[in-house]
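Commentary on secondary and tertiary structure
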Amino acid sequence: MENDTETLLVMLSSLLPESHQYIDQGSLLETLLDCEGNVEEAAKLISQSTSRAAGQASSSTKNKRKRHSGLDGWLKQQPSTTSPPSKRVNSGDMSTRTLGVKVPAQDHREHTSPSTSLKVKGSGKPNSTGNALARLKPPSTSATPETTPQLPPLTLGTPEMVANHTTCTLHPRVLPPELAIKLFETMLTEAENWDRNRFWLFERAVESPHKNSFYVRDMSAVAGYDQDDGISDLEWKEAAHYWTQFGAADPIPFPKLMEEACRLLEDVVNVEMRKRKQFDLEWGGNRRWIANVAAANCYEGAKENVGFHSDGLTYLGPYPTIASLSLGVSRLFRLREVIPKSEEATRKPRSFNVPLAHNSLLIMHPPTQEVSKHAIIPQTVIDTFRYRPSSCSPSTSLLNDDPESQLESSNCRINITFRFFRPDFRPLTIPRCKCGEATILRPDMRGKRDKDGRLDRYWWACQAGKKIENEGKDCGMWKEMNAMAEGRGPFVGDSAMREDSTRNANTN
Ligand SMILES: O=C(O)CCC(=O)C(=O)O
Ligand SMILES: [Fe+2]
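Residues numbered from 1 in each chain as written. Chains lettered and ligands numbered in written order. Predicted model: local features only at pLDDT ≥ 70, side-chain atom pairs only at ≥ 80, totals over all residues. Heavy atoms only, no water.

This paragraph deals with the overall build of the protein chain. For the protein chain, the count of helices and strands is 13 helices and 22 strands. A buried classification covers 57% of the 508 residues belonging to the protein chain. Partitioning the contacts of the protein chain with sequence separation of at least 6, the portion at a separation of at least 24 is 78%. Entry remark: accessible area of the protein chain is about 21900 Å², with carbon and sulfur atoms responsible for 52%. (Helix = DSSP H or I, 4+ residues; strand = E, 2+ residues; numbered from the N terminus. Buried < 20%, exposed > 50% of the residue type's maximum accessible area, 1.4 Å probe, protein only. Contact = heavy atoms within 4.5 Å. Areas by Shrake-Rupley, 256 points an atom, 1.4 Å probe, with all protein chains shown as cover.)

This next bit is on the sheet that holds strand β4 (residues 154-155). In space, the 5 strands of this open sheet follow the order β4-β14-β13-β16-β11, with mixed pairing throughout. Both edges of this open sheet fall to β4 and β11 (306-309), since each of them pairs with a single strand only. Bridge analysis of strand β13 (residues 331-337) against strand β14 (residues 351-356) gives 6 bridges, and the strand direction is antiparallel. Note on β14: the bridge partner recorded for Leu-332 is Pro-355. (Pairing = 2+ DSSP bridges.)

When their charged atoms lie close together, side chains carrying opposite charge are able to pair. Evaluation of the coordinates by the stated rule reveals 20 salt bridges. Across the pair Glu-266 and Arg-217 runs a salt bridge, and its minimum N-O distance is 2.6 Å. In this pair, Glu-266 sits in helix α10 (residues 256-274) while Arg-217 sits in the loop between β8 (211-216) and α9 (233-243), placing the two residues 49 residues apart along the sequence. Each member of the pair, Glu-266 as well as Arg-217, carries the same accessibility label: buried. Among the ionic contacts, a cluster of salt bridges with common partners joins Arg-217, Glu-259, Arg-263 and Glu-266. (Salt bridge = Lys/Arg side-chain N within 4 Å of Asp/Glu carboxyl O.)

What follows is about the sheet that holds strand β5 (residues 168-171). Taken together, 7 strands build an open sheet; the order of strands is β5-β15-β12-β19-β10-β8-β9 and the sheet is mixed. Because the sheet does not close on itself, it has two edges, and the strands there are β5 and β9 (252-253). Pairing between β8 and β9: 2 bridges, direction parallel. Counted as the bridge partner of Val-216 is Pro-253 from β9. In the packing of helix α8 (residues 177-191) onto the sheet, the strands contacted are β8, β9, β10 (293-300), β12 (322-328) and β19 (412-419), and the crossing angle to β19 comes to about 100°. The strands touched by α10 are β5, β8, β10, β12, β15 (360-364) and β19; relative to β15, the strand with the most contacts, the crossing angle is about 55°. (Axes fitted to C-alpha atoms, helices over the stretch in contact; angles between N-to-C directions.)

Within the structure shown, the criterion is met by 16 aromatic pairs. Measuring from centroid to centroid gives 6.3 Å for Tyr-319 and Tyr-458, while their planes differ by 80°, and the two rings are edge-to-face. Taken together, the residues span a long stretch of sequence, with Tyr-319 in the loop between β11 and β12 and Tyr-458 in strand β21 (residues 458-461) at a distance of 139 residues. The pair Tyr-319 / Tyr-458 is uniform in exposure class, with both members buried. Taken together, Phe-214, Trp-236, Trp-243, Tyr-315 and Phe-421 form an aromatic cluster joined through their ring pairs. (Phe/Tyr/Trp six-rings, centres within 6.5 Å; stacked < 30°, edge-to-face > 60°.)

What follows concerns the packing of α8 against α10. Geometrically, a packed helix pair is captured by the angle between its two axes and the distance between the axes. One way to put it is that α8 packs onto α10 with a least axis distance of 9 Å and a crossing angle of 135°. In terms of their interaxial angle, α8 and α10 are classed as oblique. Relative to α10, α8 is oriented so that their crossing is left-handed. From α8, Leu-179, Lys-182, Leu-183, Thr-186 and Met-187 reach across to α10, where they touch Leu-257, Met-258, Glu-260, Ala-261 and Leu-264. Its residues assigned to classes, the contact of α8 with α10 shows 7 nonpolar, 1 polar and 2 charged. (Parallel < 35°, antiparallel > 145°, perpendicular 65-115°, else oblique. Left-handed = near helix turned anticlockwise from the far one by under 90°. Nonpolar A, V, L, I, M, F, W, Y, C, P; charged D, E, K, R; others polar.)

The protein atoms that coordinate the iron ion (ligand 2) are His-309 (NE2), Asp-311 (OD) and His-374 (NE2), at distances of 2.1 to 2.2 Å. Within one chain, the residues donating to the iron ion (ligand 2) are spaced in sequence as H-x1-D-x62-H. Of this pair, His-309 sits in strand β11 while His-374 sits in strand β16 (residues 372-376), and the two are 65 residues apart along the sequence. With a relative accessible area of 4%, His-309 lands in the buried category. (Donors = N, O, S within 2.8 Å, 3.2 Å for Na, K, Ca; no water.)

In a regular helix each residue adds 1.5 Å, so 19 residues correspond to 27 Å; α10 covers 28 Å between its end C-alpha atoms and thus fits that length. Among the residues of α10, those classed as buried are Leu-257, Met-258, Glu-259, Ala-261, Cys-262, Leu-265, Glu-266, Val-269, Asn-270, Glu-272 and Met-273. (Expected span 1.5 Å × (residues − 1).)

The next subject is the confidence of the model for the protein chain. With 69% of its residues at a pLDDT of at least 70, the protein chain reaches an overall mean of 76. Low pLDDT (under 50) marks residues 50-144, which in the prediction has 237 contacts with non-local residues, meaning those over four places away or in another chain. (pLDDT = per-residue confidence, 0-100.)

Okay, structure coming up:
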């Protein structure tokens, strides 16, 4: 566990519902250790253990748990597309389980609002005492036996290491240095107007531990793009609303320097993409990868962070390519595979740390979002970013006796993730749930997958429980995506997929 322990403990406490606030720090620490410092997993484990204990006292809950021992079981029994929300728990890289009490779902995030290290609004009251340690014991069904070897986290300090160990590529010094500095300065100014996402988690309103914002590109001047994708301003507004976890802000146009950077980065992405194998469900429309939106994050100081998550696929569609530019302070990006249920008994996920230096591009290639989660972890210390401001030209600095005195310092990291929102997943086409909200598209990360990381299925799920006004209540809608039947595409694998669906139709 590399994070500052105290921070992790605070983060963990902040995620626990009021009824768990009495659990002592020693027990919290033990659980954190069990979970290799993963705050969200520790919080889930505690909640699950407690609900399990509660379930033992209630035979009706126990019966329900027996009847539906997970989403698969539940689906087999209930062919309809909706599920009773109070019994369904989907928790990202934890298996989907049926519990006696409702634990708020995690990582339903579209863009930010991770499930770890959130600023909590309001404090939990201490509750009655209890046998905390007994409750903290991992569930007996805990999938990974102690004998399964656990590889320690590995730091990937070079592009070669990143390429060898992950589904990402790293491109240092990617922009001309002056452009990188100017863009950093622009985004620092922009960030003064950004906000923190606010949403409902673990029975309380929480705030994301960093600021973010959502930008939409003017595509009219972008060569090679079908100008007539028909996505209206209102739809962009809706996308921004869900991307920022029910935020009210209008999407912002790309600043000039972001546009300039985007064009250069697209070239890098396209060169990389041409070297890689494509997945059938990838977008098959444009010949070149282009970005039409950018989500930007600002992390101030060492502690601001984003917790483990995979990026919501609602508008990106399956197997997206995401180009993530880092500016300013270098921070650690942590990537960890989500192990499919069928392999839990034989292997444990390994964490990789990738230091993201100023002016580096990390490309998350497919199937990164399908098979792993990522985070920017809180750190104990960071190196201050020292740079020559763009207002100070090299010639004036030569005239100066002490050029060092002209350097500026910053403790901020700016991240810009350039993304392509697919026309076939445009806001108008996103299924609505009974709450009247757009659903979120999530991969079945723990389900079956082939050796290339190809998944079996994706789900449209209600996300209304995260809206603060809803206080965790949702309609529980949970429907499998059927890309063909929903009229989506074109896909990279169109012809192969059509043959498949015809074959299936004929054999049924
Ligand atoms: O700041 C970063 O590098 C990661 C940001 C991220 O994961 C996101 O915006 O989804
Ligand atoms: Fe992300």
